[in-house]
Amino acid sequence: MNVALGLGLLDASTLLGTLGLLGVLGAVVIETGLLVGFVLPGDSLLFTAGVFAAQSHPFAPLWLLLLTIPAAAIIGDQLGFLIGRRAGDAVFHRPSATRIGPKQLEQSRGFFDRYGPRTILLARFVPVARTIAPVMAGASGMRYRTFALYNIIGGIAWGVGVPVLGYLLGGIAFVRGHIEVILIVVVLVSILPLLINGLRARHRQPARSTNRPAARPQRVIRDVDPSGATHP
């Protein structure tokens, strides 16, 4: 019975019907702030909340969702960042860390140095990534002011945008059944120019190295002694 209830709470509609607005806010904080939030329905939960808000007897008005959900998302990412900043090395260097370990931590440091702000913003719309990104940002030593700015922007964009989509498009079966895929496609389209520029930069580097002019041979100055012999 308890197992069935627990599995049922992983469904967006069941979670909303059982716990209401508090369930939504708690799930958002856990998914975005704690590394155990992978299994929670993030996008579908917010989308379904918007669908329910459009009903004649909503569990909560839309304006209340648009105020509280972004706040919960921002708080969740702040928690994840603090966890990464305080215990990042311990998390990624633990013996059980296979997919997320020291190698991934080093790679993330370089990645956040180059794409950090964009990563925090776009990861909001990608399942699993929005759980890992704030912890990675903290562990990678990302500046807090930069993180906080893009955390707020991303939290508002995700916490407002997805419920509004549910409110407006919840009656379309295809959108309702594929909201996660739709959001991932939107993110991929938005980062496509970055990927293209990165590939172009990689192709240009070998060309530049091969087109460099050959170094001129150095002239050797020889000394001539009075006997006529030359010495280097």
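Quick note: structure is the one above.
How each quantity is defined
Residues numbered from 1 in each chain as written. Predicted model: local features only at pLDDT ≥ 70, side-chain atom pairs only at ≥ 80, totals over all residues. Heavy atoms only, no water. Helix = DSSP H or I, 4+ residues; strand = E, 2+ residues; numbered from the N terminus. Expected span 1.5 Å × (residues − 1). Buried < 20%, exposed > 50% of the residue type's maximum accessible area, 1.4 Å probe, protein only. Phe/Tyr/Trp six-rings, centres within 6.5 Å; stacked < 30°, edge-to-face > 60°. Axes fitted to C-alpha atoms, helices over the stretch in contact; angles between N-to-C directions. Parallel < 35°, antiparallel > 145°, perpendicular 65-115°, else oblique. Left-handed = near helix turned anticlockwise from the far one by under 90°. Contact = heavy atoms within 4.5 Å. Nonpolar A, V, L, I, M, F, W, Y, C, P; charged D, E, K, R; others polar.

Chemist: Looking at this model, I keep getting lost on helix H7 (residues 144-169). Mind explaining?
Modeler: Each α-helix turn comprises 3.6 residues. Residues three or four places apart therefore point the same way. When the terminal C-alpha atoms of H7 are compared, their 36 Å separation across 26 residues agrees well with the 38 Å that a helix rising 1.5 Å per residue should span. The complete set of buried residues in H7 reads Phe147, Ala148, Asn151, Gly154, Gly155, Trp158, Gly159, Val162, Pro163 and Gly166.

Chemist: Just checking my understanding: could you explain the packing of aromatic side chains for this structure?
Modeler: Any aromatic ring pair is given by two values, namely how distant the centres are and how the planes are angled relative to each other. Within the structure shown, the criterion is met by three aromatic pairs. Between Phe81 and Tyr144 the ring centres are 5.6 Å apart and the planes differ by 55 degrees, which places this aromatic pair in the tilted class. Residue Phe81 is located in helix H4 (residues 62-92), and its partner Tyr144 is located in helix H7; the two are separated by 63 residues in the primary sequence. The exposure class assigned to Phe81 is buried, which follows from its relative accessible area of 1%. With 4.3 Å between their ring centres and 20 degrees between their planes, Phe81 and Phe147 make a pair best called stacked.

Chemist: Would you explain the packing of helix H3 (residues 43-53) against H7 in this entry?
Modeler: Geometrically, a packed helix pair is captured by the angle between its two axes and the distance between the axes. One way to put it is that H3 packs onto H7 with a least axis distance of 7 Å and a crossing angle of 50 degrees. Between H3 and H7, the angle is such that the two are oblique. Seen along the crossing, H3 lies across H7 with a hand that is right-handed. Two secondary-structure elements touch here, H3 through Asp43, Leu46, Phe47, Gly50, Val51 and Ala53 and H7 through Trp158, Gly159, Val162, Pro163, Leu165, Gly166, Tyr167 and Leu169. Within the contact of H3 with H7, the residues separate by chemical class into 10 nonpolar, three polar and one charged.

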